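# Structural overview for review
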Amino acid sequence: MSFTVVLVFILVAALAAANGSNDVPKGVATLAGAGVTNYRTAIMWGTATTLVGCVCSLALADKMTKLFSKGIVTAEPTEAFAVAVLAGAVSWVALATVLRLPVSTTHALIGALLGAGLLLASDSIAWSAIPQKLLIPLLTSIGVAYGISLILALVVGRFSGRKATPAAGTGEQAKPTATGDGGAVLAAERVATQTAEATEPTTGSRVLTAAHWLTSGATGFARGLNDTPKIVAIGAFALIPAGMTTWQIMILVAAAMAVGSLTGGMRIAQRLGEGVIKMNHKEGFLANLTTATLVGLGAGYGLPMSTTHTSTGAIAGSAGPNLSRLSGKTLRHFLIAWLVTPPFAAAVAAVVFLVVR
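In this text the structure is predicted, and so the values were computed from the model without any measurement. Position numbers for residues start from 1 in each chain and track the written sequence from start to end. Local features in this predicted model are restricted to residues whose pLDDT is 70 or higher, and side-chain atom pairs enter the listing and the counts only when it is 80 or higher, whereas totals over whole chains, interfaces and linings include all residues. Side-chain metrics in this entry use all non-hydrogen atoms of the structure; hydrogen atoms and water are not considered.

## A look at the overall build of the protein chain
The criterion, for reference: Every helix listed is a DSSP run of H or I at least four residues long, and every strand listed is a run of E at least two residues long, numbered separately from the N terminus. Type-normalised accessible area, obtained with a 1.4 Å probe on protein chains alone, sets the label of each residue: buried when under 20%, exposed when over 50%, and partly exposed for intermediate values. A contact between two residues is defined here by any heavy atoms of the two lying within 4.5 Å.
Summing up its helical and strand segments, the protein chain has 14 helices and zero strands in all. Counting from the amino terminus, the protein chain carries its helices and strands in the arrangement α-α-α-α-α-α-α-α-α-α-α-α-α-α. Residues counted as buried form 51% of the 357 residues belonging to the protein chain. Considering only contacts in the protein chain between residues 6 or more positions apart, those separated by 24 or more positions represent 87%.

## Here we look at the packing of aromatic side chains
Worth spelling out the cut-off: We call Phe, Tyr and Trp rings a pair once their centres come within 6.5 Å, taking the six-membered ring for Trp, and we label the pair stacked below 30 degrees between planes, edge-to-face above 60, and tilted otherwise.
All chains considered together, the criterion is met by four aromatic pairs. Measuring from ring centre to ring centre gives 5.8 Å for Phe81 and Phe237, while their planes differ by 40 degrees; the resulting arrangement is tilted. Taken together, the positions of Phe81 in helix α5 (residues 79-98) and Phe237 in helix α9 (residues 203-239) put the pair 156 residues apart, joining distant regions of the chain. For the pair formed by Phe81 and Phe237, the shared burial category is buried. Look at Phe334 and Trp338: their rings are 6.3 Å apart centre to centre, the planes differ by 35 degrees, and that puts the pair in the tilted class. Residue Phe334 and its partner Trp338 are located together in helix α14 (residues 328-356), separated by four residues, close to a single helical turn. Of the two residues, Phe334 and Trp338, neither departs from the other in class, the shared state being buried.

## Description of the environment of Thr293
Its location among the elements puts Thr293 in helix α12 (residues 281-300). Measuring from C-alpha to C-alpha, the distance between Thr293 and Ala218 comes to 8.2 Å, with 75 residues separating the pair along the chain.

## So, the nonpolar core
A general feature of soluble globular proteins is that nonpolar side chains tend to end up buried together. In plain terms, the rule: Grouping buried Ala, Val, Leu, Ile, Met, Phe, Trp, Tyr and Cys residues that are joined through side-chain atoms within 4.5 Å yields what is termed a nonpolar core.
Judged by nonpolar contacts, the single largest core of 58 residues is most densely connected at Val8, Val12, Phe68, Phe81, Val85, Leu113 and Val253. Broken down by element, the residue count for this core peaks at 11 residues, all from α5. With residues near it in sequence (within four places) discarded, Val8 still touches Glu79, Ala82, Val83, Leu86, Gly235, Ala238 and Leu239. The next biggest cluster of nonpolar side chains, apart from the first, holds 22 residues, and it includes Ile277, Leu294, Phe334 and Ala337.

## What to know about the confidence of the model for the protein chain
Operational definition: As a per-residue quantity, pLDDT reports the predictor's confidence and falls between 0 and 100.
Summarising the model, the protein chain shows a mean pLDDT of 83, and 86% of its residues fall at 70 or more. Per-element mean pLDDT across the protein chain ranges from 43 in helix α8 (residues 181-199) up to 95 in α5. Here residues 162-180 scores under 50 on pLDDT; set against residues more than four positions off or in separate chains, the count is 15 contacts. Per-residue pLDDT stays below 50 along residues 182-200; that stretch engages in 12 contacts with residues further than four places along the chain or on separate chains.

## With respect to the environment of Leu150
Residue position: Leu150 is located in helix α7 (residues 129-160). With 171 residues separating them in the primary sequence, Leu150 and Pro321 have C-alpha atoms 7.4 Å apart. Those residues in contact with Leu150 that lie beyond four places of it in its chain are Gly317, Gly320 and Pro321.

## Let's talk about the packing of helix α3 (residues 39-60) against helix α10 (residues 246-264)
Test applied: Under this scheme, a helix contributes an axis fitted over its contacting stretch, all axes are lines through C-alpha atoms, and angles between N-to-C directions fall in the 0 to 180 degree range. The cut-offs work like this: below 35 degrees is roughly parallel, past 145 is roughly antiparallel, 65 to 115 is roughly perpendicular, and the gaps in between are oblique. Under the convention adopted here, Pro, Cys and the residues Ala, Val, Leu, Ile, Met, Phe, Trp and Tyr are nonpolar, Asp, Glu, Lys and Arg are charged, and Gly plus all remaining residues are polar.
Here α3 crosses α10 at 170 degrees, and the two axes come no closer than 9 Å. By the angle between their axes, α3 is roughly antiparallel relative to α10. Touching Arg40, Ile43, Met44, Thr47, Thr50, Leu51, Cys54, Val55, Ser57 and Leu58 of α3 are Thr246, Trp247, Met250, Ala254, Met257, Ala258, Ser261 and Leu262, all from α10. Of the residues contributing to the contact of α3 with α10, the split by class is 12 nonpolar, five polar and one charged.

## A closer look at the pattern of salt bridges
So the rule is basically this: Here, a salt bridge means any side-chain nitrogen of Lys or Arg that lies within 4 Å of a carboxyl oxygen of Asp or Glu.
Applying the stated criterion across every chain yields a total of six salt bridges. Here Lys26 and Asp23 are joined by a salt bridge, their closest N and O atoms 2.3 Å apart. Here Lys26 matches Asp23 in class, with each residue buried. Here Arg223 makes a salt bridge to Asp23, at a shortest N to O gap of 3.8 Å. Of this pair, Arg223 sits in helix α9 while Asp23 sits in helix α1 (residues 3-23); the two residues are 200 residues apart in sequence, bridging distant segments of the chain. Like Arg223, the residue Asp23 is buried in the burial classification. When salt bridges that share partners are traced, they join Asp23, Lys26, Arg223, Asp227 and Lys230 into one network.

## Looking at helix α2 (residues 25-33)
Most of α2 is tucked away: nine of the nine residues are buried. For α2, the full list of buried residues reads Pro25, Lys26, Gly27, Val28, Ala29, Thr30, Leu31, Ala32 and Gly33. The first or second residue beyond α2 is Gly35, which carries a positive phi of 80 degrees.

This is the structure we're talking about:
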């Protein structure tokens, strides 16, 4: 096994780990941000469900694998090309994770493919496929996610936001009718009883909690479907000719993703869970429902949805029409990072390709 193949193996693991640190928290940050559980438990849940998505990706997301194998750069890839693409993507995703910026691994890989591909064979870039297969899904994902999440928030708010009538023993009825101490004691007992009852979980709240866990898990699963094939496809350029199978590469990617999410996922989880909006339980559930649906459909149809853009748009849309709740500063930082992602990865990939070819 040549040194370049070993380097590709290491870079595949590094990119998967960086992806796990940056992307796994995006599906479960709402659980901790809404106070359903703590961040460590949420990340463990996201890691487990992402692993399931990773295992299923080769069977359910083969269109994504084909897209990143030959759909962008059609020339025969070399080991140096694989090294350059992986280095370009991992350099930015890892740096963004350290800076607590949720970025798109998809964007980074596309930028790296173009940067190295232009030097490998400039006429091999499938420019005609990029708008329909790449740019449109990536650029519209945040707007679509925001719109769906906003509509869901408005609909749910309309049906659940009706003003409740005062319960017996509260408000005016809670006031004692007698002037003695007995009436005051009776009123105090009523208030105490109703306060205790209000803190007990209702059937509705238990159902919402279960649904929130389910949709966050579905987001992790969809993310595994969406991201694993991309990394496997790039690693396959050098690892399959060296004797590894696609399944072995997938196991490497899945394991490295899990390690990355468990060791480094806290930074992004806290930024998304609390930095964009202070969300409640219901808003977190709606955001995850939107993210899981869009990312899952994108993986199945071979459309490389950005989990980063989709989850951020969905979280922002869950606030409904009250835009003042959103953190403009945080969203600006995210936007700058998203714009920097493709050119940064492309530049690094191009430099690395010139060095190792």
